[in-house]
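Listed below are the residues making up each chain.
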Amino acid sequence: MKNKFVKWLSLPYAFWSLAFIIIPLVMVFYFGLTDKTGKFTFANILSISLPVHFKSLLIALLLSFISTVICLLLSYPLAMILSSLNSKNNKLMILIFVLPMWMNFLLRTLAWQTLLENEGVINTILRTIHLPALKIINTPYAIVFGMIYNFLPFMVLPIYNVLCKIDKNLLNAARDLGANEVQTFLKVTLPLSVPGIISGITMVFVPALTTFVISDLLGGSKILLIGNVIEQEFTLNSNWHLGSGLSIVLMLFIIISMIITAIFDKDGEGSAL
Amino acid sequence: MANVLKKIYIALIFIFLYAPMLVLIVLSFNKSKSRAKWGGFTFKWYTQLLSDSSIMEALVTTLLLAVLSALISTFIGTIAAIAITSLKKGTRTLMMGITNIPMLNAEIVTGISLMLLFIFFNVKFGFTTILLAHITFNIPYVILSVMPRIKQLNPSAYEAAMDLGASPFKAFFKVVFPDILPGVFSGLLMAFTMSIDDFIITHFTKGAGVDTLSTKIYSQVRKGIDPKMYALSSLIFVTVLVLLILINILPGSGKKAKEK
Amino acid sequence: MSNKLITLENISKSYDNHLVLDEMNLYIRENEFVTLLGPSGCGKTTTLRIIGGFENPDTGRVVFDGKDITKLPAYKRQLNTVFQKYALFTHMNIAENIAFGLKIKNKSKSYIDDKIKYALKLVNLEGYENRMPDSLSGGQQQRIAIARAIVNEPKVLLLDEPLGALDLKLRQDMQYELIRLKNELGITFIYVTHDQEEALTMSDTIVVMNQGYIQQIGTPEMIYNEPENAFVADFIGDSNIIDSIMIRDELVEILGAKFACVDTGFGENVHVDVVIRPEDIELVSPEEGTISGEVTSLIFKGVHYEMDVMANGFEWLVHSTKMFPVGEKVGIKVDPFNIQIMNKPASEDEEAVQIEE
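Here the structure is a predicted model, which is why all the values come from computation and not from measurement.

Q: Tell me about the packing of aromatic side chains, and please be specific about residues and values.
A: Tallied over the entire structure, the rule returns 34 aromatic pairs over all chains. Their ring planes at 85° and their centres at 5.8 Å tell us that Tyr-76 of chain A and Phe-185 of chain A sit as a pair that is edge-to-face. With Tyr-76 of chain A in helix H4 (residues 51-84) and Phe-185 of chain A in helix H10 (residues 181-192), this pair connects stretches of sequence that are 109 residues apart. What makes Tyr-76 of chain A buried here is its relative accessible area of 9%. What makes Phe-185 of chain A partly exposed here is its relative accessible area of 26%. Seen in terms of ring centroids, Phe-120 of chain B and Phe-121 of chain B are 5.2 Å apart; in terms of plane orientation they differ by 75°. Their pairing is edge-to-face. Phe-120 of chain B gets classed as partly exposed once you look at its relative accessible area, which sits at 40%. Cluster of aromatic residues (ring-pair linked, three or more members): Phe-212 and Phe-234 of chain A together with Phe-199, Phe-204 and Tyr-218 of chain B. Lys-107 of chain C extends its terminal NZ or CZ atom over the ring of Tyr-111 of chain C, reaching a point 5.5 Å from the ring centre. Sitting over the face of the ring of Tyr-224 of chain C, Arg-277 of chain C holds its NZ or CZ atom 4.0 Å from the ring centroid.

Quick look at the structure:
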């Protein structure tokens with residue numbers, strides 16, 4: 001199929017991605033590096049050092065980091081259990097994890113308000129069994145909770161996929177060579193699942209770092225993440241230049257996180273043992 | 001013992017994932033408009049649903065967007081996937097790199113970048129801008145689900161078809177296309193789902209007059225969610241659930257019965 | 001011969017109500033090259049996995065060196081396995097793969113380095129320490145899998161169809177390699193294959209299995225020349241298996257003609273199966289033959305011609321260096337020593353022949 005005609009067929013998509021992926025990104029840089037009069041400036045980007053902005057970035061980094069770690073800790077055992085099930089149950093199990101995504105994401109997150117509220121369902125249950133009530137709603141904990149809830153499947157599925165692909169004979173080979181269950185896990189299963197962990201981490205960390213909806217819905221608009229600041233600049237203040245400048249900073253962090261994971265991935269594949 | 005622990009763990013995660021679903025379904029039968037209070041059982045939100053024109057309008061917009069963007073992005077994406085595989089390595093890597101941008105980049109950045117594009121070129125915000133945005137973030141999903149299928153193709157099948165007298169065009173539709181069809185179909189389905197579920201990018205590319213279900217819900221967050229939304233979401237959820245059960249479980253159990 | 005190293009006693013195993021092994025008894029001597037041979041699904045791989053500790057038998061015992069190891073987990077057994085499709089750790093280089101078992105046992109670095117060198121030399125892959133498994137050919141990966149197993153100095157090496165994924169030429173080379181390795185190492189090899197030629201080339205002892213039962217145990221010569229039942233005869237090499245009647249000792253009626261043979265003790269006028277290897281049939285002129293027929297097909301095979309001869313309603317497969325064109329009338333003659341008489345199976349089922357060595 002490698003004929004000339006087929007190659008030309010890539011042109012429509014090339015144009016599309018130029019118009020709707022590349023040029024829009026150029027726009028972000030254009031707006032981010034100019035002021036309202038169109039003059040070149042670094043002021044928009046440097047405004048990240050303002051205490052309000054800087055604090056929002058730090059909180060976002062902290063909360064998304066915590067959520068990613070908890071997601072990983074919850075997902076790995078889960079993915080292991082799922083991958084050890086026989087294939088008949090398997091499809092059903094995966095379905096169960098994807099199905100909630102079919103309920104509107106805003107409503108699902110809002111439902112946690114009802115559950116977490118001071119007089120909410122969870123606290124009512126806790127009180128009836130004489131346990132202290134939780135004060136979670138409108139705190140950073142609630143935001144972390146929401147992040148974990150929304151992004152958990154993104155961590156489970158890639159790890160599950162790599163675990164399923166691991167040849168069972170490799171585990172047998174490790175046992176055959178004298179490794180017990182723990183050694184087999186540490187020396188074979190874990191290193192082989194690194195690519196899944198890496199893609200899970202990126203798939204959780206980036207949306208968590210940049211969210212404005214979860215903090216909006218569960219943080220009670222008291223806690224601003226960098227995403228909230230950018231969103232407000234665009235929709236409330238209509239200051240596209242400032243919003244773009246902060247977005248450039250945000251993209252910088254996304255790129256940094258990707259480079260870190262890429263390095264980790266290389267290490268994981270290269271010299272583990 | 002270990003098995004019991006495993007089951008408990010799965011059950012806890014299951015509760016974690018499905019507790020909000022249960023809350024929403026319960027709320028859809030709640031007489032009281034407040035999320036926090038149970039005011040008694042009612043069907044009224046369901047019965048009033050059809051006559052609420054603004055919700056119905058948002059539903060139609062959402063579905064129309066999903067169908068159109070899924071079809072168009074599947075069309076463009078499938079052709080692109082075939083064309084990209086035939087490119088030289090350098091160009092191919094470049095194209096795949098660009099394709100990955102919307103998937104790896106933060107949704108908020110994709111959203112505002114498209115918003116800036118439309119502002120810069122003075123495009124009027126409305127249904128068209130949302131549609132363009134949805135097609136844009138859907139194409140990569142289509143490409144990534146079609147691509148592996150193309151790579152698995154047996155190149156001699158296409159050549160054999162031509163050897164047996166089929167024109168290149170016919171050879172493609174008779175031999176190649178049926179092989180990549182599952183990839184095309186799952187791409188279409190994924191695009192449809194992503195479009196329906198999207199809030200962030202729609203939020204930045206919609207005009208004042210247009211609303212999808214997501215943006216409508218978001219606008220109601222401060223003043224309180226219209227309980228009819230709970231009713232509608234529960235209906236959608238149950239519909240999908242039933243469909244999935246029909247597709248995935250029934251054929252399987254039928255086979256099992258035959259074996260025995 | 002030396003003493004018994006491994007004994008399987010009354011081993012049974014079933015999956016989902018399907019019986020894979022039925023009351024199997026087998027012993028394997030020290031320093032023996034034993035091949036478990038049979039079609040897929042005959043239970044040979046299950047037997048190997050039970051010895052290796054990857055499966056638990058439903059009933060029965062596995063005794064290793066006088067000790068019951070039935071319940072011992074795989075990682076505590078003094079034997080190592082070369083897996084089908086090699087099962088090399090793709091995230092480790094060759095040296096790390098080979099060192100895996102030694103590192104688990106906390107051997108010193110210098111010991112491990114020496115062992116890696118020694119093992120790579122043994123499998124003719126010196127200098128491959130830092131390569132990754134993916135960059136090696138199938139044959140090379142196979143050698144690494146063997147090296148990885150033998151550095152642990154197992155008493156027994158289990159090999160699960162290790163040559164199955166290689167092409168013909170490489171497979172033949174590896175067969176000689178394996179025989180050489182076995183002699184150099186002086187340990188027991190238990191080898192699983194469905195390839196009868198592989199089994200005949202390499203083994204000291206062949207265990208022919210079918211449907212969970214042992215059909216025959218013996219040296220390659222015994223298995224080939226004196227198959228004990230039609231299954232073994234059919235599975236090992238090409239053969240003519242003909243429903244016949246044993247008239248009396250040393251005389252058998254095949255397709256209505258009387259042939260002299262050397263077997264005795266079957267009784268008189270008993271239905272038996274007769275096995276005649278295609279290379280043991282002599283084609284002569286119609287008058288000279290015990291029975292006569294017509295050549296129906298002729299293929300040149302290099303060393304010999306392969307011919308089908310239709311005689312007395314049976315299509316005889318004949319290998320001969322002499323060529324007879326299609327349509328020629330020929331006579332069939334067989335030396336009495338080359339007529340192998342076998343008892344009929346007791347039932348229509350693929351029966352279990354109780355065999356004691």
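And the narrative resumes.
Q: I'd like a rundown of the interface of chain C and chain A, residues and numbers included.
A: For interface size, the figure often reported is the accessible area lost on association. At the junction of the two partners, chain C supplies 25 residues and chain A supplies 21 residues. Among the residues chain C hides against chain A, the three largest losses belong to Tyr-75, His-91 and Ile-104 of chain C. Together they make up 34% of the total. Our count for the contact surface shared by chain C and chain A stands at zero salt bridges. Connecting chain C to chain A are four residue pairs in polar contact (both at pLDDT 80 or more). Those elements giving two or more residues to the side of chain C that touches chain A turn out to be strand S6 (79-82), helix H2 (94-104) and helix H4 (138-150) of chain C. Of all the elements, H2 of chain C adds the most residues to the side of chain C that touches chain A, at five residues. A breakdown of the residues in the side of chain C that touches chain A according to their chemical character gives 13 nonpolar, seven polar and five charged.

Q: Before we move on, could you go through the pattern of salt bridges and cite the residues and values that matter?
A: Residues and elements named next belong to chain B. Per the stated rule, a full pass over the model turns up 24 salt bridges over all chains. For Lys-228, the salt bridge identified is with Asp-52, shortest N-O distance 3.3 Å. One end of the pair, Lys-228, is in helix H11 (residues 227-248); the other, Asp-52, is in the loop between helix H2 (44-49) and helix H3 (53-85), with 176 residues separating them in the sequence. Taking the relative accessible area as the measure of exposure, Lys-228 reaches 11% and is therefore buried.

Q: So what's going on with the pairing of strand S16 (residues 291-300) of chain C? Which residues, and what values?
A: Residue and element names in this part refer to chain C. When S16 meets strand S19 (residues 329-334), the two strands line up antiparallel, connected through four bridges. Of the residues in S19, the one forming a bridge with Ile-291 is Ile-332. Of the strand pairs in this sheet, S16 and strand S17 (residues 305-311) are connected by six bridges, and their pairing is antiparallel. From the neighbouring strand, Phe-300 faces S17, where its bridge partner is Tyr-305. Following S16, the chain reverses through four residues before pairing antiparallel with S17; Gly-302 in that reversal takes a positive phi of roughly 95°.

Q: Before we move on, can you summarise empty space enclosed by the protein with the specific residues and values?
A: Scanning all chains against the criterion turns up two cavities of 30 Å³ or more. Of the pockets and cavities examined, the largest cavity occupies roughly 70 Å³. Considering the residues around the largest cavity, the lining is formed by Phe-20, Ile-21 and Leu-25 of chain A together with Ile-101, Pro-102, Asn-105, Thr-110, Ser-113 and Thr-136 of chain B. With three residues, helix H2 (residues 10-32) of chain A is the largest single contributor of residues to the lining of the largest cavity. Split by residue class, the lining of the largest cavity holds five nonpolar, four polar and no charged. Taken as a whole, the second largest cavity holds about 30 Å³ of empty space.

Q: Break down a negative patch on the surface for me, citing the residues and quoting the values.
A: A surface patch of negative charge is lined by Glu-282, Glu-287, Glu-288 and Asp-335 of chain C. Tracing the backbone shows Asp-335 of chain C in the loop between S19 and strand S20 (340-343).

Q: Could you give me a rundown of the side chain of Ser-64 of chain A, with the residues and numbers involved?
A: Residues and elements named next belong to chain A. Within the secondary structure, Ser-64 sits in helix H4. Taking the relative accessible area as the measure of exposure, Ser-64 reaches 0% and is therefore buried. Within the local environment of Ser-64, its side chain forms a polar contact with the backbone oxygen of Leu-61, the two atoms lying 3.2 Å apart. The residues touching Ser-64, leaving out its near neighbours within four places in the chain, are Met-147, Phe-205, Ala-208 and Leu-209.

Q: Give me the state of the cysteines: which residues, what numbers.
A: Residues and elements named next belong to chain A. Here the structure, examined in full by the defined rule, presents zero disulfides over all chains. Just so you know, Cys-164 is unpaired, no disulfide at all, and the nearest cysteine sulfur is the one on Cys-71, 19 Å from it. On the accessibility criterion, Cys-164 (34% relative accessible area) is partly exposed.

Q: If you had to explain the domain arrangement of chain C to someone new, which residues and values would you point to?
A: When cut into domains, chain C gives domain 1 (4-225) and domain 2 (238-343). Here domain 1 of chain C and domain 2 of chain C have C-alpha centroids that lie 39 Å from each other.

What counts as what
Residues numbered from 1 in each chain as written. Chains lettered and ligands numbered in written order. Predicted model: local features only at pLDDT ≥ 70, side-chain atom pairs only at ≥ 80, totals over all residues. Heavy atoms only, no water. Phe/Tyr/Trp six-rings, centres within 6.5 Å; stacked < 30°, edge-to-face > 60°. Helix = DSSP H or I, 4+ residues; strand = E, 2+ residues; numbered from the N terminus. Buried < 20%, exposed > 50% of the residue type's maximum accessible area, 1.4 Å probe, protein only. Lys NZ or Arg CZ within 6 Å of the ring centre and 35° of its normal. Contact = heavy atoms within 4.5 Å. Buried area = accessible area lost by both parts, 1.4 Å probe. Salt bridge = Lys/Arg side-chain N within 4 Å of Asp/Glu carboxyl O. Polar contact = N/O pair within 3.5 Å; in protein donor to acceptor, adjacent residues only side chain to side chain. Nonpolar A, V, L, I, M, F, W, Y, C, P; charged D, E, K, R; others polar. Pairing = 2+ DSSP bridges. 1 Å grid on protein atoms, 1.4 Å probe; cavity = no way out; pocket = protein on both sides within 12 Å on 5 of 7 lines; lining within 4 Å. Points joined across faces, edges and corners; volume = space filled by probe spheres on them. Patch = residues over 30% accessible without salt bridge, like charges linked within 9 Å, V, L, I, M, F, W, Y side chains within 5 Å. Areas by Shrake-Rupley, 256 points an atom, 1.4 Å probe, with all protein chains shown as cover. Lys, Arg positive; Asp, Glu negative; His and termini not counted. Charge placed at Lys NZ, Arg CZ, Asp CG, Glu CD. Disulfide = S-S within 2.5 Å. Domains from an automatic or database assignment.

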